[in-house]
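Coordinate inspection notes
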Amino acid sequence: MKFNKNRRTLLSRRTALKGIAATTGVAAATLAAPTIIRRASAAEPIRVGVISPLTGAWTVYGRAHASGFELAVDEINARGGVLGRPMEVVLGDSKTEPRIVVEQANRLIRQARVDFLAGTFSSAERQAGAPVATQANKILLYPTFYEGQEGEYYPGVCNKNIFMFGPEPTQQVWPFMEYMMNKFGKKFFLIGSDYVWPQVTNLVSKRKIDELGGEVVAEVYIPFNTPQYDSVLRDIRNSDADIIFHTLTGSDTVNFRQQFVAAGMNKNFTLWTVDDEEVVTSGLGPQASEGTYVSFDYFMSIDHPNNKTFLKSFHTKFGKDALMNTVGVAMYNAAHMAALAIEKTGEVSTDAIREGLEDLTFDKAPQGTVTMRKLDHQLVLPSFLMRVRKGWTSVNDMFEEIQSVTKAVPLDARCKYPLQ
Amino acid sequence: MSALQSTTALQTARRLGVSESGLAIVALVGFALLPIFVSGYTIYILPQYMLYGVMAMSLALLWGYSGILSIGQAGFFAIGGYIIGLSFKWIDFGNPAYIAFVVAPCVGAALAGVLGYFLFRAGVRAAYFVLVTLAVSIIVEQVAVSQSQWTGGWNGMYVPRMSLTLGTGTEISLFDDGPIYYFVLVVVVAIYILLRWLVTSKFGKVLLGIRENEDRVISLGFDASLYKTAAFMMSGALATLAGALYGTHAGFVSPSLGGVLFSTEVVVWVAIGGRNSFLGALLATIVVASLSNYLSAIAPKYWQLVIGVVFIVVIIHFRGGIAGALGRSGAFGKHKRGQDG
Amino acid sequence: MLSTTISVLIDATLLTFTLALASLGLAIIFGLIGVINMGHGAMLTLGAYFTWWTMEAGFPFAAAAIIAATCVAIIGLALEHFIIRHFYDKPFETLLITWGFFLVTTEVIKIAFGTDIHNIPNPLPGSFDLGVQQVPAYRMLLAIITLGLFLAIGFVFYRTTIGIKVRALTQNREMASLLGLDIGRTYKLVFVTGSFLAGLAGALICPMLSIDPYIGMVFLVRAFFVVIVGGIGQILGGTLIGSFLIGGSETLFALFSTQTFAQTVVFALAIIVLRFRPLGVLTSATRT
């Protein structure tokens with residue numbers, strides 16, 4: 001009551017006119033401003049639009065995502081830039097919303113006039129950004145482990161302007177299937193979030209399971225933001241599965257696994273996850289994560305000289321407690337490889353970057369040597385199977401290596417060739 | 001609330017309306033001339049914000065003029081986006097976009113009609129209705145995620161950019177930023193005029209009456225639940241139509257378009273702009289969305305906080321939002337407003 | 001078959017109690033003083049974060065939970081005193097203000113605590129063997145605590161003078177004020193109690209979940225449906241029955257269909273219940 005002294009009046013025309021003029025002005029000015037400020041010079045920077053989930057549900061991954069790219073750009077500029085030009089990052093926040101990715105990709109291309117794009121996080125975000133990049137004929141460097149390329153999802157995949165720097169299931173899952181089956185048994189319980197990445201990852205993994213004579217006893221998909229898992233845990237308990245193959249994402253993965261361990265089921269089942277990197281495992285804590293298996297192309301704890309150098313400069317820039325993960329490293333590789341591509345062709349154009357990236361090998365990647373395949377723009381990279389160490393205290397002793405391949409060659413993407 | 005007070009409220013609204021038209025014309029001229037001075041991204045993105053603005057106006061019709069709050073408007077918006085996407089996919093005769101522009105509002109209105117009739121008839125209180133619309137938003141998002149054979153699931157769906165076809169053979173491409181900017185502007189202006197006309201019609205007066213004092217309107221022999229249902233249908237139809245147009249402009253729709261977070265963002269825009277002013281809601285949406293776009297790269301963390309604080313302050317101190325505050329600065333007369341809810 | 005049935009019943013019971021715990025604070029605030037507290041989710045989140053934070057500082061879980069709940073109660077008190085109490089007769093305004101409280105709190109949490117996922121170790125590892133299945137000890141404890149809270153509230157509500165006052169107030173406000181009841185104080189007491197219980201729920205539930213800025217949001221919509229389906233003002237029986245119908249039926253539907261479908265159906269059913277029993281399943285009269 002006290003606050004509600006609302007008076008209705010006839011608008012004073014002049015005040016209101018000013019208001020309108022101001023609003024239209026603000027809208028136009030805020031959107032247009034940076035274009036005006038642009039300046040041209042001989043050593044004009046090479047501008048890269050980086051779209052990261054800085055806010056929203058997946059901020060957790062966003063930090064490593066953006067900082068991987070920023071670190072590489074720092075290193076590139078420290079050694080004199082590319083073709084004598086510095087590299088400059090223009091950041092766009094995806095807010096973890098595909099809708100905003102469309103907005104930001106357009107902003108970066110049309111207004112910030114970036115030379116190419118890197119980032120987007122989830123497959124949905126990549127799908128949203130891809131048509132924008134395609135239409136403007138810009139390269140998009142995509143960093144996240146994902147479900148692989150399937151022609152029907154063009155232009156999000158199978159696109160000559162998009163390059164994949166993260167592993168897909170035939171790299172992330174297939175190499176370790178035999179080991180896991182021999183060690184723990186042939187019966188799989190598949191549980192994942194209810195969307196494309198887990199569904200396709202499971203589909204691809206099932207092919208390998210079948211091939212090796214294994215069996216999928218159940219396949220369950222959980223809607224996002226499910227707090228309680230009692231009925232799923234009962235299904236798992238009543239199944240005679242040996243391995244739980246886990247593709248839940250975000251906070252759901254933590255919710256599920258806390259309850260899985262609280263029910264004491266980690267003693268009876270082996271859990272193999274292809275989603276829980278350093279950040280999520282830190283979030284889980286030792287109690288809920290120890291003894292589980294994880295596979296990825298990169299872990300902070302892999303023993304490789306490149307990784308030592310990489311982590312050293314990473315910690316110098318972002319502090320010793322900062323976390324890195326597969327996605328951040330993919331962004332790091334993407335920046336370095338784009339710089340190499342530009343140097344190789346001597347030109348900063350979409351065609352030149354594309355040509356330069358194809359068949360490019362980068363031997364300074366934190367995980368070892370990686371090669372961008374010309375055929376389907378999929379990175380050929382190492383792959384690791386790790387077990388979460390009992391009673392780990394930090395990312396440094398979080399994972400112990402069980403198996404690794406230095407060159408995980410994926411199946412050819414299911415695209416129309418040559419890429420359109 | 002006395003009869004006298006509700007008449008003054010109506011009169012004020014009408015008077016506000018008169019001068020609002022002048023402002024609307026100024027805004028329209030401003031937006032119409034804008035492409036002469038700026039180009040590129042601004043002209044690309046503004047139509048999307050204008051369409052958010054239409055969704056905001058559809059909420060203002062409900063909230064400001066009928067006293068019903070919905071936090072499920074984005075659900076309708078997303079349905080519109082999917083309808084135009086499916087229309088391009090499935091329909092191979094005529095202009096799929098035109099068909100979507102007919103089907104989308106019908107579906108929106110039908111859904112709102114069923115839900116509204118179902119709930120208002122039973123006398124479900126306005127406050128509960130809010131929660132139901134919240135659930136609608138969640139259900140839309142969840143269905144869009146799970147029915148991936150139609151919607152493309154979580155990865156979303158591509159929508160081609162529409163063209164205008166006139167009769168046979170004449171086709172105007174809206175592929176470039178300029179043409180579709182003007183097309184959207186015309187649609188937004190048309191919807192604005194329609195809404196303004198609607199609230200000054202007898203229908204609108206009954207709605208205002210319901211907002212001020214539902215029992216009194218019922219005692220005058222009006223079926224309040226029918227009127228409320230009709231307002232919800234109108235609002236749902238407009239939000240769905242805006243969503244369809246958004247789909248073809250943005251080229252991409254995905255489930256989170258219908259989600260709770262986006263739905264509540266619309267409420268924030270309308271509260272800030274002024275729930276009793278369509279122009280206020282429209283312009284506030286465009287400005288807040290523009291600022292949000294611009295500032296999110298600079299200070300992503302603090303921008304959301306600022307919006308939250310502004311929202312609370314507006315609800316507490318400026319019920320009429322910016323439009324109301326601007327009106328107040330004219331310092332002409334003092335009316336005490338009745339309370340709703 | 002029998003063992004499956006029993007096992008489903010056990011799961012449904014555990015789920016019911018967890019949901020009831022998460023909804024209790026909302027049921028009290030919404031049910032007794034009519035404030036649609038959209039900030040309930042933020043209060044759960046704050047409870048979880050304060051617990052984690054206090055435990056990082058070295059306190060044991062039980063102490064951390066009490067401290068967290070108290071802190072949330074104090075925040076609730078401030079919110080009530082400075083803002084909410086001026087809007088008790090405007091449900092729309094309180095709904096929006098509490099939503100604003102949610103927005104601001106979520107952002108402040110992100111700025112103050114960061115956006116990393118946190119966790120606290122399971123305070124009571126181990127499990128009970130109930131024959132057909134193992135039940136995690138902590139889940140048992142949670143169910144017992146929830147039951148205890150319900151009994152305690154029932155006692156306060158029906159057996160003490162404060163309870164009588166509150167009941168008088170909800171049944172007939174004018175009469176209560178004529179009888180010299182301090183409405184402002186009683187409302188404040190109810191709001192703070194509700195906040196305390198929301199904070200406590202956040203604290204007690206967080207060992208099972210990931211502690212992130214959206215932890216409370218997950219429960220918000222479910223909690224609302226629990227309260228509406230159970231019946232506004234039916235704090236004890238209503239909340240339990242509402243929790244069972246929302247949580248338990250989700251478990252049952254999931255037996256025959258996908259999880260996603262089950263959740264969607266439950267929300268849709270809640271809307272239908274609201275239509276035919278606008279005052280909750282326990283109240284059959286359709287008065288407004």
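In this text the structure is predicted, and so the values were computed from the model without any measurement. (Residues numbered from 1 in each chain as written. Chains lettered and ligands numbered in written order. Predicted model: local features only at pLDDT ≥ 70, side-chain atom pairs only at ≥ 80, totals over all residues. Heavy atoms only, no water.)

This paragraph deals with the overall build of chain B. Regarding its fold elements, chain B presents 14 helices and four strands. Whereas a compact globule of 341 residues would reach a radius of gyration of roughly 20 Å, chain B reaches 20 Å, a difference of no more than 12%. Counting only C-alpha atoms, chain B reaches 60 × 45 × 45 Å along its principal axes. Counting every position in chain B, which comprises 341 residues, the buried fraction comes to 62%. Once local pairs closer than 6 in sequence are excluded, the contacts in chain B between residues at least 24 apart make up 78%. Taken as a whole, chain B presents about 12000 Å² of accessible surface, with 69% of it coming from carbon and sulfur. Charge-centre separation for chain B: the mean point of 19 positive side chains lies 14 Å from the mean point of 12 negative side chains. (Helix = DSSP H or I, 4+ residues; strand = E, 2+ residues; numbered from the N terminus. Rg over C-alpha atoms; globule rule 2.2 N^0.38 Å. Buried < 20%, exposed > 50% of the residue type's maximum accessible area, 1.4 Å probe, protein only. Contact = heavy atoms within 4.5 Å. Areas by Shrake-Rupley, 256 points an atom, 1.4 Å probe, with all protein chains shown as cover. Lys, Arg positive; Asp, Glu negative; His and termini not counted. Charge placed at Lys NZ, Arg CZ, Asp CG, Glu CD.)

All names here are of chain C. For chain C, mean pLDDT is 87; residues scoring 70 or higher make up 97% of the total. Looking over chain C, one finds the lowest element-wise mean pLDDT in helix α7 (residues 173-178), namely 76, and the highest in helix α3 (residues 61-82), namely 97. In the predicted structure, residues 284-288 sits below a pLDDT of 50 and forms six contacts with residues beyond four places in sequence or in another chain. Taken together, the chains of this predicted complex give a pTM of 0.88 and an interface ipTM of 0.87. (pLDDT = per-residue confidence, 0-100.)

Attention now moves to the environment of S292 of chain B. By secondary structure assignment, the location of S292 of chain B is in helix α12 (residues 278-296). The class of S292 of chain B is buried, set by a relative accessible area of 8%. Taking the C-alpha atoms as reference points, S292 of chain B and I218 of chain B, separated by 74 residues in sequence, lie 43 Å from one another. Looking at S292 of chain B, its side chain comes within polar contact range of the side chain of K95 of chain A, at 2.8 Å. (Polar contact = N/O pair within 3.5 Å; in protein donor to acceptor, adjacent residues only side chain to side chain.)

Taken as a whole, this structure holds one disulfide over all chains when the rule is applied. The disulfide partner of C158 of chain A is C415 of chain A, and the gap between their sulfur atoms is 1.9 Å. Disulfide C158 of chain A-C415 of chain A: torsion about the S-S bond near -75 degrees, hence left-handed. Note that C158 of chain A is positioned in the loop between β4 (140-142) and β5 (162-164) and C415 of chain A in the segment after β14 (399-408), a separation of 257 residues in sequence. For the pair C158 of chain A and C415 of chain A, a shared accessibility class is recorded, and that class is buried. Of all cysteine sulfurs, the one in C206 of chain C lies closest to C71 of chain C, which takes part in no disulfide; the gap is 14 Å. Assessed through its relative accessible area of 29%, C71 of chain C is described here as partly exposed. (Disulfide = S-S within 2.5 Å.)

Turning to the packing of α3 of chain C against helix α8 (residues 183-205) of chain C, a few remarks are in order. Residues and elements named next belong to chain C. Contact geometry for α3 and α8: axes closest at 7 Å, N-to-C directions at 145 degrees. Crossing angle aside, the handedness with which α3 passes α8 is right-handed. Residues F61, A65, A68, A69, T70, V72, A73, G76, L77, L79, E80 and H81 of α3 form the contact with α8, whose own contacting residues are Y187, K188, F191, V192, S195, F196, G199, L200, A203 and L204. The class makeup of the residues in the contact of α3 with α8 is 15 nonpolar, five polar and two charged. (Axes fitted to C-alpha atoms, helices over the stretch in contact; angles between N-to-C directions. Left-handed = near helix turned anticlockwise from the far one by under 90°. Nonpolar A, V, L, I, M, F, W, Y, C, P; charged D, E, K, R; others polar.)

On to the sheet that holds strand β1 (residues 46-52) of chain A, then. Note: strands within a sheet are paired through backbone hydrogen bonds, in either parallel or antiparallel orientation. All names here are of chain A. Here five strands make up an open sheet; going across it, the order is β2-β1-β3-β4-β5 and the pairing parallel. Each of the sheet's edge strands pairs with one partner strand only, and the pair in question is β2 (87-93) and β5. Neighbouring strand axes in the sheet, compared pairwise and without regard to direction, differ in orientation by 25 degrees on average. Bridge analysis of β1 against strand β3 (residues 116-119) gives four bridges, and the strand direction is parallel. Looking across to β3, one finds that V50 is bridged to A118. Contacts from helix α3 (residues 98-111) reach β1, β2 and β3 within the one sheet, and its direction differs from that of β2 by about 150 degrees. (Pairing = 2+ DSSP bridges.)

Of the residues lining the interface, 35 residues belong to chain A; the matching set on chain C comes to 42 residues. Between chain A and chain C lies a buried interface of about 3300 Å² when both sides are counted; carbon and sulfur atoms form 51% of it. Of all residues in chain A, Q228, D230 and R234 of chain A give up the largest surface area on contact with chain C, accounting jointly for 18% of the area buried on that side. One salt bridge connects D11 of chain C with R234 of chain A, and the closest N-O pair in it is separated by 2.5 Å. Counting the contacts that link chain A with chain C gives ten residue pairs in polar contact (both at pLDDT 80 or more). Of all the elements in the fold, those that place two or more residues in the side of chain A that touches chain C are α2 (59-78), β7 (215-222), α8 (230-238), α9 (250-262) and α10 (278-289) of chain A. Take the side of chain A that touches chain C: its biggest share by element is six residues, from α9 of chain A. Class assignment for the residues of the side of chain A that touches chain C results in 14 nonpolar, 15 polar and six charged. (Buried area = accessible area lost by both parts, 1.4 Å probe. Salt bridge = Lys/Arg side-chain N within 4 Å of Asp/Glu carboxyl O.)

So, on to the pattern of salt bridges. In total, this model carries 29 salt bridges over all chains according to the counting rule given. A salt bridge links E88 of chain A to R47 of chain A, with the shortest nitrogen-to-oxygen separation between them at 3.4 Å. Taken as a pair, E88 of chain A in strand β2 and R47 of chain A in strand β1 lie far apart in primary sequence, 41 residues in all. Given the relative accessible area of 27%, E88 of chain A is considered partly exposed. Where D177 of chain B meets R110 of chain A, a salt bridge forms, and the shortest distance between an N and an O atom there is 2.2 Å. Linking D177 of chain B in helix α7 (residues 177-200) with R110 of chain A in helix α3, this pair reaches from one chain into another. Take D177 of chain B: its relative accessible area is 16%, and that puts it in the buried class.

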